[in-house]
Amino acid sequence: MYPLANPKVIQRAQQILAYDPIFIDTETTGISPEDVVIEIGVVNLAGEILFESLFKPAIPIPPEAKAVHGITEAMVADAPSWKDAWDDLRVVLEGRMVGMYNAEFDLRMIKQTHNRYWLDWPFDDRRFFCVMKLYAAFYGQIGSYGRDYRYHKLETAGAACGIPLPNAHRAVADALLTGALFKYIAEYGSSNKRSGS
């Protein structure tokens, strides 16, 4: 029966919760080492939008990326560059624990975009945590090779937890879903969660 709801995972989420984390999601031109971030959304646990922006990339947005997130060249034509928007984003992230769904990818893409402008990275990467990995351990299904836990798509995880938010493949919407999923894990075991299990 899933989720196994590993108490160590719940405890870890509760420890992070005490730091009042925020949640970030990106949309990009692709996944290669040359690709860049073209949208970021940052929200808090209350669902308030702390930062939201499109970015005008220095490279074209390929059709396969547009098919995923729907962001077109026209939409970013008047958007700021990453460098122009960085100071505002930095203020939001400063001193916070930051959750991402697939932090390895999102953090790589953020730093990759950052490096394009020869900007120094000011944050300790340990402040960024992966909600996808937390959920995988919380759910407890072993992967196909018998090692580690099986990862789940954000949309699948949200639906399994009864969270009525879409996986819209836009930054703010997906950051909201990531935050709600983290909160579900951290609060699992309270009476309202147990009544549904």
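Residues numbered from 1 in each chain as written. Predicted model: local features only at pLDDT ≥ 70, side-chain atom pairs only at ≥ 80, totals over all residues. Heavy atoms only, no water.

Visitor: Which parts of the structure should I look at to understand the pairing of strand β3 (residues 49-54)?
Guide: Each regular strand carries side chains that alternate between the two faces of the sheet. Both strand β2 (residues 37-44) and β3 contribute to a ladder of five bridges, which runs antiparallel. Counterpart to G41 in the pairing with β3 is E52. (Pairing = 2+ DSSP bridges. Helix = DSSP H or I, 4+ residues; strand = E, 2+ residues; numbered from the N terminus.)

Visitor: So what exactly am I meant to see when it comes to the side chain of T178 here?
Guide: Here T178 is to be found in helix α8 (residues 171-187). We classify T178 as buried; its relative accessible area is 0%. Excluding residues that lie within four positions of it along the chain, T178 makes contacts with F23, M100, Y101, V131 and L154. (Buried < 20%, exposed > 50% of the residue type's maximum accessible area, 1.4 Å probe, protein only. Contact = heavy atoms within 4.5 Å.)

Visitor: Hey, could you run me through the pattern of salt bridges in this one?
Guide: Two side chains that carry opposite charge are able to pair once their charged atoms sit near each other. Following the criterion strictly, the structure yields five salt bridges and no others. Between R96 and D20 there is a salt bridge whose closest N-O contact spans 3.3 Å. Here R96, found in the loop between α4 (82-93) and β4 (98-100), pairs with D20, found in the loop between α1 (7-17) and β1 (22-28); they are 76 residues apart in sequence, far enough to count as distant. Judged by relative accessible area, D20 falls into the partly exposed class, the value being 42%. In this structure, the salt-bridge partner of R126 is D124, at a minimum N-O distance of 2.7 Å. A residue is classified by how much of its surface remains accessible, and R126, at 70% relative accessible area, is exposed. (Salt bridge = Lys/Arg side-chain N within 4 Å of Asp/Glu carboxyl O.)

Visitor: Just checking my understanding: could you explain the environment of I10 for this structure?
Guide: Relative to the assigned elements, I10 resides in helix α1. A relative accessible area of 10% means that I10 is categorised as buried. Spatially, the C-alpha atoms of I10 and A137 are 9.6 Å apart, while their sequence positions differ by 127 residues. For I10, the contacting residues outside a window of four places in its chain are A5, F138, I185, A186 and Y188.

Visitor: Any chance you could explain the environment of D78 here in plain terms?
Guide: Tracing the chain through its elements places D78 in the loop between α3 (73-76) and α4. Taking the C-alpha atoms as reference, D78 lies 8.6 Å from F55; in sequence the two are 23 residues apart.

Visitor: Which parts of the structure should I look at to understand the pairing of β2?
Guide: With eight of eight residues buried, β2 is to be regarded as a mostly interior element. Relative to β2, β1 runs antiparallel, the two sharing seven bridges. Directly across from I24, in β2, lies its bridge partner V42. Hairpin geometry of β2 and β3 is characterised by an intervening segment of four residues between the two adjacent antiparallel strands and by a positive phi of about 85° at G47.

Visitor: Any chance you could explain the sheet that holds β4 here in plain terms?
Guide: Hydrogen bonds between backbone groups are what pair the strands of a sheet, and the pairing can be parallel or antiparallel. Reading across the sheet, the five strands line up as β3-β2-β1-β4-β5 and stay open at both edges, with mixed pairing between neighbours. Here the strands that pair on one side only, and so sit at the sheet edges, are β3 and β5 (128-130). Neighbour-to-neighbour, the strand axes of the sheet open up by a mean angle of 25°, direction not taken into account. Running at roughly 70° to β1, helix α5 (residues 103-116) makes contact with β1, β2, β4 and β5 of the sheet. (Axes fitted to C-alpha atoms, helices over the stretch in contact; angles between N-to-C directions.)

Visitor: Sorry if this is basic, but what is going on with the confidence of the model for the protein chain here?
Guide: Low pLDDT marks stretches whose predicted atomic positions should not be read closely. Counting all residues, the mean pLDDT for the protein chain is 91, and 94% of those residues have values of 70 or more. In this model, residues 191-197 is a region of pLDDT below 50 whose contacts with residues beyond four sequence positions or in other chains number six contacts. (pLDDT = per-residue confidence, 0-100.)

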